Amino acid sequence: SRTVENREIEGLAYPLHSTNLILDENENVLWKRVGYLRVGGATGLIGDPSGRTNERIALAPSSVNENSASIVENIRRIFNNHEQYFWKKGDKLHEIRIVNNYEWYSKLNAVDLVGQIGRHFRMGTMLSRQSVQSRLTSEGGMSFTEFCYQIFQAYDWLQLLQTHDCRFQVGGNDQMGNIMSGHDLISRLTKIKVYGLTLPLITSESGDKFGKSSGSAVWLDSRKTSPFQLYQFFIRVKDSDVGKLLKLFSFEPPGTIDEFVQKHQTKPELRIAQKKLAEHVTLLVHGELDSRKIEELELKAWRTDSMALKRGEERGCLMERKVSILPCNPVLPIYEGSLEALGKLNTSELSHLFEGATVCELLLEPGTTLLDLALRAKCFATAGDARRIISAGGFYINQQRATNIDEVLSTSTHILPNNVSLVRVGKKNYYIVKWL
């Protein structure tokens, strides 16, 4: 028998994020990749109400087609990386088969869908679904479009059963109602036994959806989240979450994961478990070259509170740590790294690393001095402030202190290979200057 995993297009550009990776890994390992993965090219025009408090923004067919192509590209890359880097057995894996439900809905008219399929659904059952109940009691209510979504997903399973003998359906646990609708429909129309399996949505210790806190997800498409940003996200996870996430996102046996966690607990400042998690996910999502690039992007970092920082400066012995440790609590992060490493980061990656930095674009004119740079980048309120603070040693270019306001900028000394200068004023005010 075959398996089909539900995946739906949401109202976003490339809607695969870190939680979707759990479903991809389930297909890779649990089902040994004999299944079909369904992309919602048709249902993306409707929108799944599950887990939402308001209606999704309607997308144009061209946007849905573009999203579908992006999803397929991401999925195939992840499955290819799994086989190349993680599949240790000798036998070759089956290629993942991806189907788009637009294939059958484009040949089905509304009368046939309602007349032949709709008659097998009962209003009482449809109204009892959690995704429907929560929306009916909300201020915005629920449209008919979203209400009938469960009919479409149910028919998808029936279609895949009839054409590909798919008897198992896998999805996140927010898909329970839709999977049950498909199970009920198939039970009414056939005598074939079918089964649904749901996987838990990944949440942090606080219960927030993993990767979607504050309304922002960590995407699996490099056009939305760079490999560097993906690596950074996973290496920052809390100590209390890292063991669970290693079991969910890695292919390591439980005993090996326990060893990583024990080593981490012995020396938490080294973040051994987080580093293993970040390396694993980056390799799976982006492949070996990008993972190697991430390793090259390791910078030195210090993390401490302001009092410890002051004491460290007085003693001249600040604690040295890896880049990847960005604090979750309000402490003072300061980064120092090799110019070679900084020069390999693009503007987006620098902005992510030096979160809160001001980004500006400037035209490099002959004879531009440090003072000109500081004023044009609006590092200081007045020219007098600029002269005073620069001369006092509070101005840095690419992590190197610069005190001569009349020094002329040169491409070899002040501008990195990526055509960027990283400017810092004081201990924590960063400016990313992109030269035109």
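- Naming follows an unreviewed UniProt entry, where the protein chain appears as Tyrosine--tRNA ligase of Timema podura.
- The protein chain has a UniProt comment under Sequence similarities (unreviewed entry) that states "Belongs to the class-I aminoacyl-tRNA synthetase family."

**Considering the overall build of the protein chain**
Reasoning step 1: A tally of regular secondary structure across the protein chain gives 19 helices and 13 strands.
Reasoning step 2: Put simply, the protein chain shows about 21300 Å² of open surface, and 51% of that area lies on carbon and sulfur atoms.

**Comments concerning the environment of Asp-174**
Reasoning step 1: Relative to the helices and strands, Asp-174 resides in the loop between β4 (166-172) and α9 (176-189).
Reasoning step 2: Sequence spacing of Asp-174 and Ser-50 is 124 residues, and the spatial spacing of their C-alpha atoms is 6.1 Å.
Reasoning step 3: Sequence-distant contacts of Asp-174, that is, excluding residues within four places in its chain, are made with Ser-50 and Leu-201.

**Quick look at the side chain of His-286**
Reasoning step 1: When you line up the elements, His-286 lands in helix α13 (residues 272-286).
Reasoning step 2: Those residues in contact with His-286 that sit more than four places away from it in its chain are Arg-77, Asn-81, Leu-220, Ser-222, Thr-225, Pro-227 and Leu-230.

**Notes on the sheet that holds strand β13 (residues 429-435)**
Reasoning step 1: Here five strands make up an open sheet; going across it, the order is β9-β13-β12-β10-β11 and the pairing mixed. Edge strands, defined here as strands with exactly one partner in the open sheet, are β9 (358-362) and β11 (400-401).
Reasoning step 2: Pairing geometry for strand β10 (residues 395-397) and strand β12 (residues 420-425), over three bridges, is antiparallel. Each bridged residue has a counterpart across the sheet, and for Ile-397 the counterpart in β12 is Val-423.

**So, the pattern of salt bridges**
Reasoning step 1: Enumeration over the complete set of coordinates arrives at eight salt bridges.
Reasoning step 2: Here Asp-385 ties to Arg-388 by a salt bridge, and the two come within 3.1 Å at their closest N and O atoms. On the criterion of helical spacing, the pair formed by Asp-385 and Arg-388 is a turn pair, its members being three residues apart in helix α19 (residues 383-391).
Reasoning step 3: Here Asp-385 falls in the partly exposed class, since its relative accessible area comes to 25%.
Reasoning step 4: What emerges from the salt-bridge pattern is a single network uniting Glu-73, Asp-221 and Arg-223.

**Quick notes on the nonpolar core**
Reasoning step 1: Ile-117 and Phe-121 are the most contacted members of the largest nonpolar core, which totals 28 residues.
Reasoning step 2: Only α3 (102-105), α4 (110-117), α8 (149-164) and α9 provide two or more residues apiece to this core.
Reasoning step 3: No other element matches α8, which puts nine residues into this core.
Reasoning step 4: Excluding anything up to four places from it in sequence, Phe-121 contacts Met-126, Gln-150, Ile-151, Ala-154, Ser-181 and Leu-185.
Reasoning step 5: Formed by 25 residues, the second largest nonpolar core is a distinct cluster that contains Phe-86, Phe-234, Val-237 and Ala-278.

**What to know about the pairing of strand β5 (residues 195-199)**
Reasoning step 1: Two strands pair when backbone bridges link them, and β4 and β5 are joined in this way by five bridges, in the parallel orientation. Across the sheet, Val-170 pairs through a bridge with Leu-197, a residue of β5.
Reasoning step 2: On the question of chirality, the crossover connecting β4 to the parallel β5 by way of α9 is right-handed.

**Regarding the packing of aromatic side chains**
Reasoning step 1: Under the definition given, this model contains eight aromatic pairs.
Reasoning step 2: A ring pair is formed by Trp-104 and Tyr-105, whose centres lie 6.4 Å apart and whose planes are at 50°; its orientation type is tilted. Of the two residues, Trp-104 and Tyr-105, neither departs from the other in class, the shared state being buried.
Reasoning step 3: Consider the rings of Tyr-105 and Phe-152, whose centres lie 5.2 Å apart with planes at 55°: the pair is tilted. Of the two residues, Tyr-105 is situated in helix α3 and Phe-152 in helix α8; the sequence distance between them amounts to 47 residues. Taken as a pair, Tyr-105 and Phe-152 share a single burial class, namely buried.
Reasoning step 4: An aromatic cluster of at least three residues, connected via ring pairs, comprises Trp-104, Tyr-105, Phe-152 and Tyr-155.

**Let's talk about the confidence of the model for the protein chain**
Reasoning step 1: Residues at a pLDDT of 70 or more form 77% of the protein chain, whose mean pLDDT is 78.
Reasoning step 2: When mean pLDDT is taken per element in the protein chain, helix α18 (residues 370-376) scores highest with 95 and strand β8 (residues 332-336) scores lowest with 32.
Reasoning step 3: Predicted confidence for residues 5-15 stays below pLDDT 50, and this span has 58 contacts to residues more than four positions away or in other chains.
Reasoning step 4: Of the regions scoring below 50 in pLDDT, residues 299-337 engages in 77 contacts with residues more than four places distant in sequence or in other chains.

**Focus: the environment of Lys-263**
Reasoning step 1: For Lys-263, the position within the fold is in helix α12 (residues 254-266).
Reasoning step 2: Measuring from C-alpha to C-alpha, the distance between Lys-263 and Ala-273 comes to 7.7 Å, with 10 residues separating the pair along the chain.

Cut-off values and rules
Residues numbered from 1 in each chain as written. Predicted model: local features only at pLDDT ≥ 70, side-chain atom pairs only at ≥ 80, totals over all residues. Heavy atoms only, no water. UniProt positions renumbered as here; feature names shortened; annotations may be inferred. Helix = DSSP H or I, 4+ residues; strand = E, 2+ residues; numbered from the N terminus. Areas by Shrake-Rupley, 256 points an atom, 1.4 Å probe, with all protein chains shown as cover. Contact = heavy atoms within 4.5 Å. Pairing = 2+ DSSP bridges. Salt bridge = Lys/Arg side-chain N within 4 Å of Asp/Glu carboxyl O. Buried < 20%, exposed > 50% of the residue type's maximum accessible area, 1.4 Å probe, protein only. Core = buried A, V, L, I, M, F, W, Y, C linked by side-chain atoms within 4.5 Å. Right-handed = clockwise from strand over helix to strand, strands pointing away. Phe/Tyr/Trp six-rings, centres within 6.5 Å; stacked < 30°, edge-to-face > 60°. pLDDT = per-residue confidence, 0-100.

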